[in-house]
Amino acid sequence: MEISSIQNRSTAEHTKPADETPAKHNKTLQNQAILQASLDVSISSGNDSLALLYRTAVTELNNVLEADLGPSAIQQAYDSGVDVSPVATAERIVSLSANFFSSYQNQHTDMDYQTQVQSFVELISGGIDQGFSDAREILDGLQVLQGDIAENIDTTYDLVQEKLAALTETLLNSGNKSEDSSEPQT
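On a predicted model such as this, the values are computed, not experimentally measured, just so you know.

What counts and what doesn't
- The residue numbers shown here count from 1 along each chain, following its written sequence.
- Selection of residues for local features in this predicted model requires a pLDDT of at least 70, selection of side-chain atom pairs for listing and counting requires 80 or more, and totals for whole chains, interfaces and linings are taken over all residues.
- Side-chain numbers come from the whole structure's heavy atoms, not from hydrogens or water.
- The secondary structure listing takes helices from DSSP runs of H or I that are at least 4 residues long and strands from runs of E that are at least 2 residues long, numbered from the N terminus.
- For this analysis, a polar contact is any N or O atom pair within 3.5 Å, provided that within protein one partner can donate a hydrogen and the other can accept it, and provided that sequence-adjacent residues contribute only side-chain to side-chain pairs.
- Here a salt bridge means any side-chain nitrogen of Lys or Arg lying within 4 Å of a carboxyl oxygen belonging to Asp or Glu.
- Only protein chains enter the accessibility calculation, which uses a 1.4 Å probe; a residue is then buried when its area is under 20% of its type maximum, exposed when over 50%, and partly exposed in between.
- Lines fitted to the C-alpha atoms define the axes, with helices restricted to the stretch that makes contact. Angles between their N-to-C directions range from 0 to 180 degrees.
- Left-handed describes a crossing whose near helix is turned anticlockwise from the far helix through less than a right angle; right-handed describes the clockwise counterpart.
- Note on contacts: a residue pair is in contact if any heavy atoms of the two residues lie within 4.5 Å.

Engineer: Can you help me understand the side chain of S125 in this one?
Structural biologist: By the secondary structure assignment, S125 is in helix α6 (residues 113-141). One polar contact links the side chain of S125 to the main-chain carbonyl oxygen of V121, over a distance of 2.7 Å.

Engineer: Quick question: what am I supposed to make of the pattern of salt bridges here?
Structural biologist: Where charged atoms from two side chains of opposite charge approach closely, those side chains can pair. Enumeration over the complete set of coordinates arrives at two salt bridges. For K163, the salt bridge goes to E91, with nearest N and O atoms at 3.1 Å. Of this pair, K163 sits in helix α7 (residues 147-182) while E91 is found in helix α4 (residues 86-98), placing the two residues 72 residues apart along the sequence. Classification of E91 by relative accessible area gives partly exposed; the value is 39%. We note a salt bridge from D154 to R136, for which the minimum N-O separation is 2.9 Å. Remark: R136 occurs in helix α6 and D154 occurs in helix α7; sequence separation between them is 18 residues. On the accessibility criterion, D154 (38% relative accessible area) is partly exposed.

Engineer: Please clarify how the packing of α4 against α6 should be interpreted in this entry.
Structural biologist: For any two helices packed against each other, one specifies the inter-axial angle together with the distance between the axes. At their nearest, the axes of α4 and α6 sit 11 Å apart, and the two run at 145° to each other. For the crossing formed where α4 meets α6, the hand is right-handed. In this structure, α4 contributes I93, S97 and A98 to the contact, and α6 contributes F120, I124, I128 and F132.

Here it is, written out as structure tokens:
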């Protein structure tokens with residue numbers, strides 16, 4: 001039976017058999033509503049899987065950065081009309097995360113610069129990995145993690161990893177230059 005036919009039944013068709021208890025009838029109606037809601041979410045998220053991926057990654061990053069940077073640090077930077085292509089999504093995930101490095105440094109003044117960079121990148125990498133994992137799990141549960149959607153998520157993840165490596169290199173190199181300029185000239 002199609003979901004739409006469940007939805008279009010009249011209330012007379014929803015009458016319960018004589019041997020069905022009210023609780024069982026309510027459970028059946030609830031299950032039908034859940035199926036319809038799942039279908040609606042599946043259809044809409046299939047079109048916006050990278051948006052869902054981005055939101056899930058941002059949520060996880062907010063969770064891992066909350067202790068150091070306060071609640072919803074990255075969420076506050078989220079713009080609702082954003083480009084959700086793999087390149088743009090990867091760039092946003094890494095750049096929004098990178099914007100909080102100086103705040104992270106201020107919270108961890110007991111660490112040397114190199115340790116701050118490595119610790120920060122490990123922290124955001126863990127959040128990003130968890131966000132991607134959660135998004136994949138959600139999309140797989142909705143049975144839309146296939147074809148272009150799966151390919152776009154893999155591409156986005158690979159781009160994020162490349163951008164994280166570049167960020168790490170950039171931060172470490174900029175730290176080395178500032179350390180070199182602060183050393184006395186002989």
